[in-house]
Amino acid sequence: MGIAVPEIETPAHPFFRRAATLVVAGAIPLSLVGAAATATADPLLPQISVQIPFAPAPGPGLITPAADPADPGAFPPEAFPPAPPVSAGRNDLSVNRPMPDPNLLAPIEPQRLHLPNPAAPAPAVAPIEAPPGTLRVGSVVIGRPDFMTPEQGKMFNDAIAGPEAGIAQTLDSAGFDPSRSDRIAADLIGSTAIGASAGSMVAAPVASIGAVIGAICGAIAGLPMFPTGTVAVMAFGAAIGYGFVASPAIAVGAALGAGVGVLQGLLTPPTVPAA
């Protein structure tokens with residue numbers, strides 16, 4: 001029987017939702033080319049699901065394990081229900097695998113951890129298929145915008161899922177349980193995206209000035225190509241100006257987010273025994 005985990009809403013959750021929406025929206029133009037704009041049926045932002053650390057509440061069939069000073073990593077066999085498979089076809093590269101349950105986590109066994117051996121890596125891990133009608137950036141999942149076609153959404157999801165699968169394979173090679181590898185990889189990708197978007201928002205007031213300066217410079221440079229060329233060069237100059245000012249803040253935010261994601265994946269309590 002699965003473990004019922006109550007949904008937790010934290011004071012910081014609305015901020016994470018807004019940040020997650022912005023980072024996916026900002027990533028779409030970089031991942032897709034030629035997306036046609038269509039009428040939007042619902043002007044509201046899509047619903048966002050962000051995984052956050054939690055401590056599973058004790059319930060029937062779940063006994064809190066007692067600490068053993070002699071062996072901190074040992075868990076009594078009756079402490080957890082039987083461990084289900086991480087997901088079907090985890091190492092089958094012929095098809096994307098279903099999204100694993102992030103709440104099914106085996107404990108970390110320090111004695112099994114080691115540096116990955118490039119000469120003998122763990123089996124390749126299949127990319128995760130995003131739920132239908134969504135965009136997935138690691139642990140961040142939002143509804144696919146109306147202006148994106150299903151094919152474009154799949155392109156975006158596959159572009160993110162590939163590096164995530166590579167991170168999970170590296171963690172497998174370091175001795176982590178596959179369920180823990182999947183969780184750390186998803187948290188790393190999702191938190192990095194949230195951190196980058198937060199850095200962009202913090203830098204936005206100053207970066208907008210850089211965008212204006214870049215647009216003016218672009219307009220002057222594009223005068224010989226008036227009118228179409230002028231507009232194009234103005235847009236390019238504005239993007240360069242914004243990125244030049246905002247990129248340091250985005251990089252710092254992404255680095256901090258990556259660290260938070262790794263810690264979140266490492267410190268989330270186990271819910272199943274070791275394999």
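Structural data are supplied above this passage.
Here goes a summary of the coordinates provided. (Residues numbered from 1 in each chain as written. Predicted model: local features only at pLDDT ≥ 70, side-chain atom pairs only at ≥ 80, totals over all residues. Heavy atoms only, no water.)

## Observations concerning the overall build of the chain
Threshold: Comment: elements are numbered from the N terminus, with helices defined as DSSP H or I runs of at least four residues and strands as E runs of at least two. Relative accessibility under 20% of the residue-type maximum defines a buried residue, over 50% an exposed one, and the middle range a partly exposed one, all with a 1.4 Å probe and only protein chains included. For the area figures, the Shrake-Rupley method with a 1.4 Å probe applies, and any residue is considered shielded solely by the protein chains shown.
When you go through the chain residue by residue, the secondary structure sums to 4 helices and 3 strands. The secondary structure elements of the chain, listed N-terminal to C-terminal, are α-β-β-β-α-α-α. Counting the 275 residues in the chain, one finds 37% classified as buried. Counting every atom, the chain has about 15,000 Å² of accessible surface; 73% of that belongs to carbon and sulfur.

## Points about the environment of Leu266
What counts, and what does not: Residues are treated as being in contact if the distance between any of their heavy atoms lies within 4.5 Å.
Residue placement: Leu266 occurs in helix α4 (residues 228-267). Looking at Leu266, the relative accessible area reads 29%, which means it is partly exposed. Counting along the chain gives 86 residues from Leu266 to Arg180, while the straight-line C-alpha distance between them is 7.7 Å. Excluding its chain neighbours within four sequence positions, the residues that come into contact with Leu266 are Ile108, Phe176, Arg180 and Ile184.

## Things to note about the pattern of salt bridges
Counted only if it meets this: We define a salt bridge as a side-chain nitrogen of Lys or Arg found within 4 Å of a carboxyl oxygen belonging to Asp or Glu.
Taken as a whole and assessed by the stated rule, the structure comprises 8 salt bridges. A salt bridge links Asp172 to Arg90; its shortest N-O distance comes to 2.6 Å. One end of the pair, Asp172, is in helix α2 (residues 150-173); the other, Arg90, is in the loop between β1 (48-50) and β2 (134-137), with 82 residues separating them in the sequence. For Asp172, a relative accessible area of 14% puts it in the buried group. Arg97 is paired through a salt bridge with Asp182; the nearest N and O atoms lie 3.0 Å apart.

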